[in-house]
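# Observations on chain architecture
Below, each chain spelled out in residue letters.
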Amino acid sequence: MNPLAMMMFLTSLAIGTTITLSSHHWLLAWIGLEINTLALLPIMTKTPHPRAIEAATKYFLTQATASALMLFSCLINAMQAGEWDINTPSNLMTNSLSIAIMMKLGLAPMHFWLPEVLQGISLVTGLILSTWQKIPPMILLFQISHNINLSLTVILGLTSALIGGWGGIGQTQIRKIMAFSSIGHLGWIIIILKLNPQLSLFNFILYTIMTTAMFLSMIMLSATKMSQISTSWTKNPALTTTTMLVLLSLAGLPPLTGFPPKLLIIMELIKQNMFISATLIMLASLLTLFFYLRLTYIIALTLSPNTHNSTIWRTPTKPWLVFSIINTMALTLLPLTPAILLT
């Protein structure tokens, strides 16, 4: 793709996100989301492959459906309340609006598009889709969190955590595994949204950091399948080690960055006397733990035959400084958790 065109599309992504984040008007927020969607479509199809075209088509149809439902909900709110202010949605439109935004995020049971779309695009585009594209809808959910239906968030959160674990167990493609990982993490974020939006935002920020670190690792290793990642140790031992630790962090094992949000969410659910929900989401997280540990096993405890040890790193031109900072944050933020939550 022409670098000038690529820069224009990335700038449009940033502009769309900024418009949504800074708007107090539902129509402006909707316009920002549409700019985001339309800017990502050419980036998805920069590799003219049938899988990429199919992924872009599925993404467009799903986002268009969610946008139509969102605009319909906003119009109902404008008819009832006589205003378009984001902070004053009516009770009638909150459920339909929440479902539309959750469809944009890829929460279960509106998740079917996410694994297929992520599998059909490149790792760089998958990184944008899994992190940057989730920021505007998530911020809108945070803004209406005081009016959102608690039963809706709990049911969708538990469903997403369960499907995110169940769907990823039999996968061999890393992009699909990351898609189901995203669905599972979003379930943890959503289940606590009504009760503690600050904790939900904290979880979302850590999810973004860990997912970015994982995708950057895959980009640098040029790995999209388990069979490719199993041969990465001889190519780059240091990078393979940090990739294994990032996977364990995504699984939520202590003392890594992924552990504090899960611990705090369970504590908050118990404090709200939601013992059954806490138990179910912990059991669902065991499913995700299985496929993270399977990936970790393949990386660390298997060595493919017919490979030779390399004394040099084969990717000398990569942005190692940015990657090192992201990886460090994805692994070592546990001691800073109290300070982050108090800010």
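This text goes with the structure placed above it.
Residues numbered from 1 in each chain as written. Predicted model: local features only at pLDDT ≥ 70, side-chain atom pairs only at ≥ 80, totals over all residues. Heavy atoms only, no water.

What the protein contains, in helices and strands, is 17 helices and zero strands. Against the compact-globule benchmark of 20 Å for 343 residues, the protein has a radius of gyration of 20 Å, which places it among compact chains. Here the protein holds 343 residues, and 54% of them are scored as buried. Across the protein, the fraction of contacts at a sequence separation of at least 24, relative to all contacts at a separation of at least 6, is 78%. Of the side-chain charges in the protein, 15 are positive and 6 negative, and the distance between the mean point of each set is 19 Å. (Helix = DSSP H or I, 4+ residues; strand = E, 2+ residues; numbered from the N terminus. Rg over C-alpha atoms; globule rule 2.2 N^0.38 Å. Buried < 20%, exposed > 50% of the residue type's maximum accessible area, 1.4 Å probe, protein only. Contact = heavy atoms within 4.5 Å. Lys, Arg positive; Asp, Glu negative; His and termini not counted. Charge placed at Lys NZ, Arg CZ, Asp CG, Glu CD.)

On to the pattern of salt bridges. Tallied over the full model, the rule gives four salt bridges. Across the pair glutamate 116 and lysine 58 runs a salt bridge, and its minimum N-O distance is 3.9 Å. With glutamate 116 in helix H5 (residues 113–120) and lysine 58 in helix H3 (residues 50–81), this residue pair connects regions lying 58 residues apart in the sequence. In this structure glutamate 116 comes out as partly exposed when scored by relative accessible area, which is 32%. (Salt bridge = Lys/Arg side-chain N within 4 Å of Asp/Glu carboxyl O.)

This next bit is on the nonpolar core. Most often, soluble globular proteins keep nonpolar side chains buried together rather than apart. In this structure, Met44 and Leu129 are the most contacted members of the largest nonpolar core, which totals 74 residues. Top contributing element to this core by residue count: helix H10 (residues 197–221), with twelve residues. Apart from residues no more than four positions distant in its own chain, leucine 129 is found in contact with Leu40, Met44, Tyr59, Trp113, Leu114, Val117, Leu118, Ile121 and Lys134. By size, the runner-up hydrophobic cluster in this structure holds 31 residues, among which are Leu33, Leu97, Leu105 and Ile144. (Core = buried A, V, L, I, M, F, W, Y, C linked by side-chain atoms within 4.5 Å.)

This paragraph deals with a nonpolar patch on the surface. Together, Ile276, Leu280, Leu283 and Leu286 give the surface a local cluster of nonpolar side chains, amounting to about 410 Å² of exposed area. By secondary structure assignment, the location of leucine 283 is in helix H15 (residues 275–300). (Patch = residues over 30% accessible without salt bridge, like charges linked within 9 Å, V, L, I, M, F, W, Y side chains within 5 Å. Areas by Shrake-Rupley, 256 points an atom, 1.4 Å probe, with all protein chains shown as cover.)

Attention now goes to the side chain of glutamine 119. Within the element layout of this structure, glutamine 119 appears in helix H5. Among the residues examined, glutamine 119 registers a relative accessible area of 10% and is labelled buried. In terms of polar contacts, glutamine 119 uses its side chain to reach the side chain of glutamine 173, at 3.3 Å. (Polar contact = N/O pair within 3.5 Å; in protein donor to acceptor, adjacent residues only side chain to side chain.)

To continue, consider the side chain of threonine 125. Looking at where threonine 125 falls in the secondary structure, it is placed in helix H6 (residues 123–130). Relative accessible area serves as the criterion here: at 1%, threonine 125 is assigned to the buried category. Ignoring sequence-local partners within four residues, the contact set of threonine 125 consists of Leu40, Ile43, Met44 and Lys46.

With that settled, the discussion passes to the packing of H10 against helix H16 (residues 320–332). Two packed helices can be described by the angle between their axes and the distance between those axes. Relative orientation of the contacting elements H10 and H16 amounts to 135°, with a least axis distance of 8 Å. With respect to their mutual orientation, H10 and H16 come out oblique. Between H10 and H16 lies a crossing of left-handed hand. In this structure, H10 contributes Ile209, Met210, Thr212, Ala213, Leu216, Ser217 and Met220 to the contact, and H16 contributes Trp320, Phe323, Ile326, Asn327, Met329 and Ala330. Split by residue class, the contact of H10 with H16 holds ten nonpolar, three polar and no charged. (Axes fitted to C-alpha atoms, helices over the stretch in contact; angles between N-to-C directions. Parallel < 35°, antiparallel > 145°, perpendicular 65-115°, else oblique. Left-handed = near helix turned anticlockwise from the far one by under 90°. Nonpolar A, V, L, I, M, F, W, Y, C, P; charged D, E, K, R; others polar.)

Attention now goes to the environment of threonine 328. Take threonine 328: it is sitting in helix H16. With relative accessibility at 45%, the residue threonine 328 sits in the partly exposed group. Along the backbone, threonine 328 and glycine 32 are 296 residues apart, and their C-alpha atoms lie at a distance of 32 Å.

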